[in-house]
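These are the residues of each chain, in order.
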Amino acid sequence: MTLAATGPWSGVYTKRSLVPVGRLAVGIALIVVWQLGTNTMGREWLPSPLDTLARIWQLAASGELARDTLVTFGEAAAGLILGGAAGAVLPFILRLSPRLMTALDPLISAAFGMPKLALAPLFILWFGIGITTKVVFVASIVFFLLFYNGLAGILSIDPRLVAMLRVAGASEWVITREIVWNTTKPFLFSGLKIALPRALSGAVVGEFIAADAGLGWYIQNARSLNDTTGVLAGAVIVTVLVMVVNAILQRVQARSLAWRPIARDMTV
Amino acid sequence: MSSAVPMLEVKGLAKRFPPRSGQAESPWILADLSFHVADQEFLTMVGPSGAGKSTLLNIIAQVDGANEGKIFFRGELIETANGSALHPGWNCQFGYVTQDDNLLPWRTMIDNVTLPLKLQGRFDAAARKRVDELLHATHLTGFERYYPHELSGGMRKRASLIRTLAYDPPIILMDEPFSAVDAQTRTQLQQDLLRLWNLGRKTIVFVTHDIAEAIALGDRVLVLSKSPAKIVADHRIDIKRPRDLGNLYKLEGFGDIFESVRRDLQ
């Protein structure tokens with residue numbers, strides 16, 4: 001169908017089948033290195049892959065895995081939706097008023113530079129040790145990632161396309177929907193790609209500080225009991241969660257940006 | 001409306017861009033520029049690179065404002081210098097085909113072509129038929145679902161051309177639309193344009209730096225000076241239509257006009 005199927009890119013498709021094999025090889029190599037590390041350092045210091053897996057299995061069987069994952073995932077998702085939506089929408093508003101953009105710029109930079117972790121005690125004071133604190137914490141991290149990526153998208157709009165569409169009778173709303181949105185979308189996806197793992201790790205770190213459930217709480221709890229296997233099992237679960245969410249995002253992105261020549265082979 | 005009223009009239013247009021920092025005054029791009037175009041006339045304007053040709057079309061299309069001068073459309077004043085807000089395209093009365101094809105990369109070719117019609121709420125059965133005819137006439141049938149990056153340069157050019165023709169504005173402004181394609185494709189595109197123009201005669205203002213192109217296409221050629229641009233000559237082209245653009249130099253009178261336009265340009 002496309003020119004790529006017969007063009008100089010045709011080789012890419014055969015070479016691509018090697019990718020999963022390579023991934024598997026690297027994965028196995030990492031596990032071997034892990035096991036070697038356990039052998040030299042001792043199981044107390046670095047629990048073996050098998051012990052870690054056994055712990056995860058045990059957590060899954062007892063229902064703790066599902067409960068804690070759900071709590072952490074829920075906090076990350078809520079924070080991502082609230083902070084992400086605000087961060088993604090703000091650039092669209094600022095585009096309409098360059099003066100407001102100039103006015104807000106130093107304020108947003110300052111707020112971005114402020115270490116969120118240092119504010120955690122205040123968040124706990126204001127929102128308690130429940131879910132709300134973690135949601136606010138995640139939102140405060142994610143907001144900036146989407147805001148700055150969205151802003152980069154707004155600034156990369158081709159003014160010639162805007163002029164062309166205006167001449168053809170487009171209103172400001174159509175310009176926003178057609179050009180601003182479509183130009184900014186890939187940038188928002190890049191922001192989301194960074195924001196997703198940050199949201200999950202933000203929720204976990206929030207739970208380190210104050211919580212009574214969640215993967216971060218589980219890891220913190222294991223740490224206080226010198227249960228290294230528990231700590232590692234928790235970290236592995238978080239990692240797997242990030243990978244699953246990333247894979248879903250990649251699917252959505254590939255479908256939504258199908259018009260781009262690179263969308264199917266490379267995702268940034 | 002009497003036939004004496006020109007379709008488009010430009011009077012005393014002057015333009016300079018706001019001064020850059022550290023510079024007192026920026027130079028005039030256009031100064032006291034006046035001309036008019038009759039209904040259904042194919043007017044070409046030829047001028048050296050950097051003469052302000054694009055600036056002139058931007059002002060007529062109301063993408064940009066002028067410092068001095070007036071523009072009349074069918075006798076109605078539509079632009080006063082430093083006046084009210086710009087109305088790009090003057091309510092879809094002016095089509096504008098630019099140097100770049102400016103197709104939306106996230107839209108398929110057919111979506112790009114029909115977008116203006118949809119925006120104007122005029123994508124009815126008649127418009128659909130017209131689009132089909134235009135696609136056929138420009139050999140784009142079968143490529144409707146392709147994205148712009150999957151089309152050749154010539155195909156993108158033709159798509160951007162029929163995007164404007166499809167919504168049928170009374171005046172079409174063209175800014176060196178064929179400058180970025182190879183010579184062979186270019187001749188083909190010029191031939192296509194003349195055939196389309198013959199199908200439904202429009203008023204066209206076509207700007208180029210290529211003398212041969214200006215003569216081959218136009219009913220009338222205006223010669224622009226170096227910036228600040230002024231009109232230095234006005235040639236009526238009486239070469240019979242349809243014209244065979246593959247053999248320009250065999251067209252009767254082509255050589256003489258070419259020579260005199262070339263002299264005017266110097």
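Everything that follows concerns the structure shown earlier in this document.
Cut-offs applied
- Residues numbered from 1 in each chain as written.
- Chains lettered and ligands numbered in written order.
- Predicted model: local features only at pLDDT ≥ 70, side-chain atom pairs only at ≥ 80, totals over all residues.
- Heavy atoms only, no water.
- Contact = heavy atoms within 4.5 Å.
- Salt bridge = Lys/Arg side-chain N within 4 Å of Asp/Glu carboxyl O.
- Polar contact = N/O pair within 3.5 Å; in protein donor to acceptor, adjacent residues only side chain to side chain.
- Helix = DSSP H or I, 4+ residues; strand = E, 2+ residues; numbered from the N terminus.
- Nonpolar A, V, L, I, M, F, W, Y, C, P; charged D, E, K, R; others polar.
- Core = buried A, V, L, I, M, F, W, Y, C linked by side-chain atoms within 4.5 Å.
- Buried < 20%, exposed > 50% of the residue type's maximum accessible area, 1.4 Å probe, protein only.

## Things to note about the interface of chain A and chain B
Phase 1: Chain A puts 21 residues into the contact, and the matching count from chain B is 24 residues.
Phase 2: At the surface where chain A touches chain B, the tally comes to two salt bridges.
Phase 3: The partner of Arg 107 of chain B in a salt bridge is Glu 178 of chain A, and the shortest N-O contact between them spans 2.6 Å.
Phase 4: Here chain A and chain B share five residue pairs in polar contact (both at pLDDT 80 or more) between them.
Phase 5: Sorting the residues of the side of chain A that touches chain B by element identifies helix H8 (159-167) and helix H9 (172-209) of chain A as the ones contributing at least two each.
Phase 6: A per-element tally of the side of chain A that touches chain B places H8 of chain A first, with seven residues.
Phase 7: Taken together, the residues of the side of chain A that touches chain B sort by class into 13 nonpolar, four polar and four charged.

## A word on the nonpolar core
Phase 1: Ranked by size, the top nonpolar core spans 85 residues in total, and within it Leu 13, Phe 35, Met 45, Ile 60, Phe 94, Leu 173 and Ile 215 of chain B carry the most contacts.
Phase 2: When sequence neighbours within four positions are dropped, the list of residues in contact with Met 45 of chain B reads Phe 35, Leu 56, Val 205, Phe 206, Val 207, Thr 208, Leu 222, Leu 224 and Ile 231 of chain B.
Phase 3: Grouped together as the second largest cluster of nonpolar side chains are 44 residues, Leu 196, Leu 200 and Val 238 of chain A together with Leu 115 of chain B included.

## Examining unusual backbone geometry
Phase 1: Residue Ser 227 of chain B is joined to Pro 228 of chain B through a cis peptide bond whose omega torsion reads 0°.
Phase 2: With respect to the helices and strands, the residue Pro 228 of chain B is situated in the loop between strand E9 (220-224) and strand E10 (231-236).
Phase 3: Cis geometry marks the peptide bond from Arg 241 of chain B to Pro 242 of chain B; its omega dihedral reads -5°.
Phase 4: As for its position among the elements, Pro 242 of chain B is in the loop between E10 and helix H7 (254-265).
Phase 5: With a phi angle near 55°, Asn 226 of chain A is a residue other than glycine that sits in the positive phi range.
Phase 6: Secondary-structure assignment places Asn 226 of chain A in the loop between helix H10 (215-224) and helix H11 (228-256).
Phase 7: By relative accessible area, Asn 226 of chain A is classed as exposed at 68%.
Phase 8: The backbone of His 139 of chain B shows a phi angle near 55°, a positive value even though the residue is not glycine.

No statement about biological role is implied by the geometric values presented.
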